[in-house]
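# Coordinate inspection notes
Here are the chains, one letter per residue:
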Amino acid sequence: MTDTNNPKVAVVTGAGSGIGRAVALELAAAGWSVTLAGRRAGALEETAGLAGRGGEALEGTAARTGDGTRAGGGTELLAVPTDVTDPGQVAALFSAARDHFGRVDLLFNNAGTFGAAGPLEDLAYDDWRTVVDVNLNGAFLCAQAAFRTMKDQPPQGGRIINNGSISAHVPRPHSIAYTATKHAMTGLTKSLSLDGRPYNIACGQLDIGNAATEMTNRMQTGILQANGELAVEPVMDAADVARTVLHMAALPLEANIQFATVMATGMPYIGRG
């Protein structure tokens, strides 16, 4: 657990819902100060409010929005509405984190979208570009801004954790844009790890399978399988993902979990022919 008298500072993208929200709350509960990033200001304020009210037993946590509407003792949450596909907004996000907290020790590079599902031949170019812009370009912009911050701050260094996916290994039907970006995330992770070595910047990737979020609601009603059938798939609590991220984040920078997979135990991934 992080020392709450000297909290470390995290930036979490996609913090307004799902895995991002769960990770932000878990980090705050462990004593981290967290900058919440996402497109919807109201959703970020809701995340901050959950922490401020205790959320998942987050007692003694302060929560602030960009307007500073909530405060308390202990760690703080700062909400910064951000479109990660916009270089200017990403730069402003990390500037706000540095100005408010003095440094950035962790980026959880989480913002993403599945995009339109359907046969490859019917995929519109604009739908392809939307997924690539969020999942790959957005991840790059946030990683670059975090890298610059961590390289220049005293003491030097920090950690970047990229949200990969089971789709970084195997595709689902009708998911070419999402799958391509998640495979690219693996290359991004490896390059960040290599380029970060001289500056004490560690980078790892967490590949997640079937966490229960808005994005995976369809898993519980039936989703297309590789054999053409529809099947209900099991899911796991997003809090289980959050605890895994916290474990990765809490390691000293001399140690790194390069790649990890956390998934619903019974999902149809292992054992496919």
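Overview of the structure. Because the structure is predicted, anything quoted here is derived from the model rather than measured. (Residues numbered from 1 in each chain as written. Predicted model: local features only at pLDDT ≥ 70, side-chain atom pairs only at ≥ 80, totals over all residues. Heavy atoms only, no water.)

In this section: the overall build of the chain. A count of helices and strands for the chain gives six helices and nine strands. Counting the 273 residues in the chain, one finds 48% classified as buried. In the chain, of all internal contacts separated by at least 6 residues, the share reaching a separation of at least 24 is 69%. (Helix = DSSP H or I, 4+ residues; strand = E, 2+ residues; numbered from the N terminus. Buried < 20%, exposed > 50% of the residue type's maximum accessible area, 1.4 Å probe, protein only. Contact = heavy atoms within 4.5 Å.)

Taken together, seven strands build an open sheet; the order of strands is 3-2-1-4-5-6-9 and the sheet is parallel. Each having just a single partner strand, strand 3 (77-81) and strand 9 (259-263) make up the two edges of the open sheet. Here the average twist between neighbouring strands, direction ignored, is 20 degrees. In this structure, strand 6 (residues 201-209) lies alongside strand 9, joined through five bridges in parallel fashion. In the strand pairing of strand 9, Q205 is matched with F259. (Pairing = 2+ DSSP bridges. Axes fitted to C-alpha atoms, helices over the stretch in contact; angles between N-to-C directions.)

Once that is clear, we can look at helix 5 (residues 176-196). Across its 21 residues, helix 5 extends 30 Å between first and last C-alpha, which sits within 8% of the 30 Å expected from 1.5 Å per residue. Of all the positions in helix 5, only A177, Y178, T179, T181, K182, M185, T186, L188, T189, L192, S193 and G196 are classed as buried. (Expected span 1.5 Å × (residues − 1).)

This brings us to the pattern of salt bridges. Scanning the model with the defined rule gives five salt bridges in all. With a closest N to O distance of 2.8 Å, R103 and D105 form a salt bridge. As far as the burial class goes, R103 and D105 line up, both buried. The salt bridge involving R243 is made with D240; its shortest N-O contact spans 2.3 Å. Of this pair, R243 and D240 both sit in helix 6 (residues 238-250), three residues apart, which is roughly one turn of the helix. Assessed through its relative accessible area of 30%, D240 is described here as partly exposed. (Salt bridge = Lys/Arg side-chain N within 4 Å of Asp/Glu carboxyl O.)

To continue, consider helix 3 (residues 87-101). Look at helix 3: 21 Å from first C-alpha to last across 15 residues, which is about the 21 Å you get at 1.5 Å a residue. Looking at the packing, one finds that the buried side of helix 3 touches strand 1 (9-13), strand 2 (33-38), strand 3, strand 4 (106-109) and helix 4 (125-152). Capping of helix 3 at its N-terminal end is provided by D86; its side-chain oxygen lies 2.8 Å from the backbone amide nitrogen of G88. At the exit of helix 3 stands G102, carrying a positive phi of roughly 95 degrees. (Polar contact = N/O pair within 3.5 Å; in protein donor to acceptor, adjacent residues only side chain to side chain.)

The next subject is the environment of V84. Residue position: V84 is located in the loop between strand 3 and helix 3. Residue classification places V84 among the buried residues on the basis of a relative accessible area of 7%. Sequence separation between V84 and R39 is 45 residues; the distance between their C-alpha atoms is 8.1 Å. Ignoring anything within four residues of it in the chain, the contact list for V84 reads T13, V90, A111, V134, G138, L141 and C142.

Next up on the list: the packing of aromatic side chains. Scanning the entire structure with this criterion turns up two aromatic pairs. With a centroid separation of 4.9 Å and 40 degrees between ring planes, the pair formed by F114 and Y178 is classed as tilted. Note that F114 is positioned in the loop between strand 4 and helix 4 and Y178 in helix 5, a separation of 64 residues in sequence. Here F147 and Y199 contribute two aromatic rings whose centre-to-centre distance is 5.9 Å and whose plane-to-plane angle is 80 degrees, an arrangement assigned as edge-to-face. With F147 in helix 4 and Y199 in the loop between helix 5 and strand 6, this pair connects stretches of sequence that are 52 residues apart. (Phe/Tyr/Trp six-rings, centres within 6.5 Å; stacked < 30°, edge-to-face > 60°.)

Let us look at the nonpolar core. Counting 39 residues, the largest nonpolar core has L27, W32 and V241 as its most contacted members. The contacts of L27, once residues within four sequence positions are left out, are A10, V12, W32, V34, L106, L246 and A249. Counting residues in hydrophobic clusters, the runner-up holds 28 residues, among them V11, A97, L107 and A111. (Core = buried A, V, L, I, M, F, W, Y, C linked by side-chain atoms within 4.5 Å.)

On to the pairing of strand 6, then. Along strand 6, nine of the nine residues are buried, which leaves the element largely enclosed by surrounding structure. Side chains I201, C203, Q205, D207 and G209 of strand 6 all project onto a buried face; the interleaved residues A202, G204, L206 and I208 project onto the opposite face, where all are buried too. In the sheet, strand 5 (residues 158-163) pairs with strand 6 via six bridges, with the strands oriented parallel. Paired with I160 across the bridge in strand 6 is C203.

This brings us to the packing of helix 1 (residues 18-29) against helix 2 (residues 41-52). In contact at an axis separation of 10 Å, helix 1 and helix 2 are set at 35 degrees when each is read in the N-to-C sense. Relative to helix 2, helix 1 is oriented so that their crossing is right-handed. Residues R21, A24 and L25 of helix 1 touch helix 2, and the partners they reach there are A43, E46, T47, L50 and A51. Along the lines of polarity and charge, the residues of the contact of helix 1 with helix 2 split into five nonpolar, one polar and two charged. (Left-handed = near helix turned anticlockwise from the far one by under 90°. Nonpolar A, V, L, I, M, F, W, Y, C, P; charged D, E, K, R; others polar.)

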